[in-house]
2 protein chains.
Amino acid sequence: MNFQSYFPVWNQLTDAQRDRILGSLAARSVKKGTLLHSGDDCTGLLLVKSGQLRAYILSEEGREITIYRLFDRDLCLFSASCMLRSIQFDVTIEAEKDTDLWVIPAEAYQQILAESAPLANCTNEIMAARFSEVMWLMEQVLWKSMDKRIASFLLEESAVEGTSRLSITHEAIANHLGTHREVVTRMLRYFQNEGMVKLSRGVVELTAEAKLRALQGA
Amino acid sequence: MNFQSYFPVWNQLTDAQRDRILGSLAARSVKKGTLLHSGDDCTGLLLVKSGQLRAYILSEEGREITIYRLFDRDLCLFSASCMLRSIQFDVTIEAEKDTDLWVIPAEAYQQILAESAPLANCTNEIMAARFSEVMWLMEQVLWKSMDKRIASFLLEESAVEGTSRLSITHEAIANHLGTHREVVTRMLRYFQNEGMVKLSRGVVELTAEAKLRALQGA
């Protein structure tokens with residue numbers, strides 16, 4: 001499997017456009033925890049080959065909230081926000097797992113974007129997908145109480161990791177959800193008393209998924 | 001001033017594309033308070049000639065929050081969300097003032113989008129601008145306290161309306177900010193005690209903008 005099979009509209013690009021991308025891209029392998037992009041740097045577009053990235057925003061006081069995650073074949077636009085002048089926000093992107101990816105310089109992508117309707121439309125779809133994720137998050141933050149959001153997060157995390165035994169700290173959960181560690185700790189203890197989870201150092205084990213699901217939907 | 005001078009990339013479209021749009025669009029004049037779009041209806045794209053529209057989302061319990069506003073020359077994409085399959089959220093759009101606008105059917109726009117790089121890129125920029133507004137709002141909701149958000153809202157509203165005497169109910173302010181009327185009323189009374197506003201039925205008068213600005217930035 002090579003780059004050509006990962007790039008979304010490869011078979012709709014001209015030979016010249018393909019050469020321009022192939023001549024400018026860089027392959028990278030990064031360890032879990034690596035910071036790939038921050039602030040308004042024009043890092044370039046990130047195309048995930050395998051692994052997992054997390055995009056989050058930061059408050060002035062250093063609080064975090066995860067706005068979306070990127071998995072295999074996902075293309076990150078906002079690490080190349082210099083490409084679109086209307087993007088007026090900064091995201092931070094870090095590797096949540098060891099990740100193989102390609103970096104496509106914003107300039108090369110932008111040149112092709114200007115002339116290729118297929119690439120521009122595909123970029124539109126990608127942005128619309130991220131927009132939808134952010135709108136979902138907005139609704140969660142606005143209308144859902146923290147107990148439901150923590151229940152949803154644990155269930156989603158368990159599905160992504162394929163295990164009911166999650167190696168994650170309370171601090172990390174708080175950073176995903178945009179809240180304080182104390183809030184998470186208090187809620188997880190309540191969940192434990194209700195028999196929904198079992199807590200140990202750096203581990204949250206889901207012991208009654210049905211109960212968590214009921215809480216999430218309540 | 002006619003439609004051609006309002007549509008963003010008119011001079012980059014072919015004659016056939018122009019005819020397709022002109023042959024399918026409809027002009028509308030609506031009164032303040034008119035609901036123009038709701039749910040997942042495919043109303044079409046809305047291009048504002050003059051007036052003011054408000055896009056908001058609704059909770060299951062009927063709470064509202066304004067996500068962006070549209071002014072003269074603004075084009076609304078999300079009233080035609082059927083056009084982009086990746087859009088998975090619903091907005092409601094109402095006229096905040098008497099408004100003249102054009103409705104462009106999603107199908108006609110989408111056909112041109114598929115073949116026109118300029119229109120696709122312009123659509124990208126519009127979506128990126130809305131995305132930026134939503135990210136700004138997300139940061140407000142997450143990290144800013146309600147007193148600062150109400151102060152910001154009053155200052156912005158005063159700038160948009162060009163007056164320090166705002167005809168607006170506490171309920172309407174709550175619906176813009178995604179909170180309850182009681183929260184707004186309590187805060188406005190506090191502002192009044194501090195000499196920042198003067199309240200009367202259906203009116204909030206800004207009496208000390210500098211103080212509101214200081215609060216907003218605090």
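You'll find the structure just up there.
Report on the accompanying structure. (Residues numbered from 1 in each chain as written. Chains lettered and ligands numbered in written order. Predicted model: local features only at pLDDT ≥ 70, side-chain atom pairs only at ≥ 80, totals over all residues. Heavy atoms only, no water.)

## Notes on the side chain of A:Ser116
1) Next: Within the secondary structure, A:Ser116 sits in the loop between helix H3 (106–115) and helix H4 (117–143).
2) Next: By relative accessible area, which is 3% here, A:Ser116 ends up buried.
3) Next: Not counting the four nearest positions on each side in its chain, A:Ser116 is found in contact with A:Leu13, A:Gln17 and B:Ala117. (Helix = DSSP H or I, 4+ residues; strand = E, 2+ residues; numbered from the N terminus. Buried < 20%, exposed > 50% of the residue type's maximum accessible area, 1.4 Å probe, protein only. Contact = heavy atoms within 4.5 Å.)

## A look at helix H6 (residues 170–177) of chain A
Residue and element names in this part refer to chain A.
1) Next: When you tally the buried positions in H6, you get 6 out of 8 residues, the bulk of the element.
2) Next: In this structure, the buried side of H6 is in contact with strand S4 (53–58), strand S5 (64–70), helix H5 (146–161), helix H7 (181–193), strand S10 (197–200) and strand S11 (203–206).
3) Next: Following H6 by one or two positions, Gly 178 has its phi on the positive side, about 75°.

## Quick look at unusual backbone geometry
Generally, phi is negative for residues other than glycine and the peptide bonds are trans, each holding for most cases.
1) Next: Within the chain, A:Arg73 stands out as a residue other than glycine whose phi angle is a positive 80°.
2) Next: Mapping A:Arg73 onto the fold places it in the loop between S5 and strand S6 (75–76).

## What to know about the packing of H6(A) against H7(A)
All names here are of chain A.
1) Next: H7 packs onto H6 with a crossing angle of 115° between their chain directions and a minimal axis gap of 8 Å. With respect to H7, the axis of H6 lies roughly perpendicular. You can see that H6 and H7 cross each other, and the crossing is right-handed. Listed contacts from H7 to His 170, Glu 171, Ile 173 and Ala 174 of H6 are Arg 181, Val 184, Thr 185 and Leu 188.
2) Next: For the contact of H6 with H7, a count of residues per class yields 4 nonpolar, 2 polar and 2 charged. (Axes fitted to C-alpha atoms, helices over the stretch in contact; angles between N-to-C directions. Parallel < 35°, antiparallel > 145°, perpendicular 65-115°, else oblique. Left-handed = near helix turned anticlockwise from the far one by under 90°. Nonpolar A, V, L, I, M, F, W, Y, C, P; charged D, E, K, R; others polar.)

## Things to note about the packing of aromatic side chains
1) Next: The tally for this structure, following the rule as stated, stands at 23 aromatic pairs over all chains.
2) Next: Seen from their ring centres, A:Phe3 and A:Trp102 are 5.2 Å apart, and the 85° between their planes marks the pair as edge-to-face. Within this pair, whereas A:Phe3 is found in helix H1 (residues 3–6), its partner A:Trp102 is found in strand S8 (residues 99–104), the two being separated by 99 residues in sequence. You'll find A:Phe3 and A:Trp102 in the same group, each marked buried.
3) Next: With centroids separated by 5.6 Å and ring planes inclined at 35°, the aromatic side chains of B:Phe3 and B:Phe7 adopt a geometry described as tilted.
4) Next: Just above the ring of B:Tyr6 sits the side chain of B:Arg73; from NZ or CZ to the centre is 4.3 Å. (Phe/Tyr/Trp six-rings, centres within 6.5 Å; stacked < 30°, edge-to-face > 60°. Lys NZ or Arg CZ within 6 Å of the ring centre and 35° of its normal.)

## With respect to the side chain of B:Glu96
Residues and elements named next belong to chain B.
1) Next: Its location among the elements puts Glu 96 in the loop between strand S7 (92–95) and strand S8 (99–104).
2) Next: Judged by its relative accessible area of 15%, Glu 96 is buried.
3) Next: In terms of polar contacts, Glu 96 uses its side chain to reach the side chain of Gln 52, at 2.6 Å.
4) Next: Setting aside residues up to four positions removed in sequence, Glu 96 forms contacts with Lys 32, Gln 52, Leu 53, Arg 54, Arg 69 and His 176. (Polar contact = N/O pair within 3.5 Å; in protein donor to acceptor, adjacent residues only side chain to side chain.)

## Let's talk about the interface of chain A and chain B
1) Next: On the side of chain B, 40 residues touch chain A, which itself brings 40 residues to the contact.
2) Next: Summed over the shared surface of chain A and chain B, the number is 0 salt bridges.
3) Next: Here chain A and chain B share 13 residue pairs in polar contact (both at pLDDT 80 or more) between them.
4) Next: Put simply, the parts of the chain that give the side of chain A that touches chain B at least two residues each are S4, S5, H3 and H4 of chain A.
5) Next: Tallied by class, residues from the side of chain A that touches chain B come to 24 nonpolar, 9 polar and 7 charged. (Salt bridge = Lys/Arg side-chain N within 4 Å of Asp/Glu carboxyl O.)

## Comments concerning the relation of the copies chain A and chain B
1) Next: In the superposition of chain A on chain B (RMSD 0.0 Å, axial shift 0.0 Å), the rotation amounts to 180°. Taken together, the turn and the small shift mark the pair as related by a two-fold rotation axis. For chain A, the minimum C-alpha distance to the rotation axis belongs to A:Ala117 and amounts to 2.0 Å.
2) Next: Comparing contact sets, 100% of the residues at the interface of chain A also lie at the interface in chain B, consistent with an isologous, same-surface contact. (Least-squares fit on C-alpha atoms with pLDDT ≥ 70 in both.)

## Topic: the state of the cysteines
1) Next: Taken as a whole and judged by the stated rule, the model has 2 disulfides over all chains.
2) Next: Disulfide pairing places A:Cys42 opposite A:Cys82 at an S-S distance of 1.5 Å. Here the disulfide of A:Cys42 and A:Cys82 is left-handed, its torsion about the S-S bond being about -55°. Here the residue A:Cys42 occupies a position in the loop between strand S2 (35–37) and strand S3 (45–50), and A:Cys82 occupies one in the loop between S6 and strand S7 (92–95), the gap between them amounting to 40 residues.
3) Next: Accessibility expressed as a relative area gives 45% for A:Cys82, which makes it partly exposed.
4) Next: B:Cys122 forms no disulfide, and the closest cysteine sulfur to it belongs to B:Cys76, at a distance of 13 Å.
5) Next: Judged by relative accessible area, B:Cys122 falls into the buried class, the value being 13%. (Disulfide = S-S within 2.5 Å.)

## Side note on the sheet that holds strand S1 (residues 26–30) of chain A
Residue and element names in this part refer to chain A.
1) Next: Here 4 strands make up an open sheet; going across it, the order is S1-S8-S3-S6 and the pairing antiparallel. Pairing within the sheet leaves two strands with one partner each, and these edge strands are S1 and S6.
2) Next: Note that S3 and S8 share 5 bridges and pair antiparallel. Paired with Leu 45 across the two strands is Ile 104, which belongs to S8. (Pairing = 2+ DSSP bridges.)

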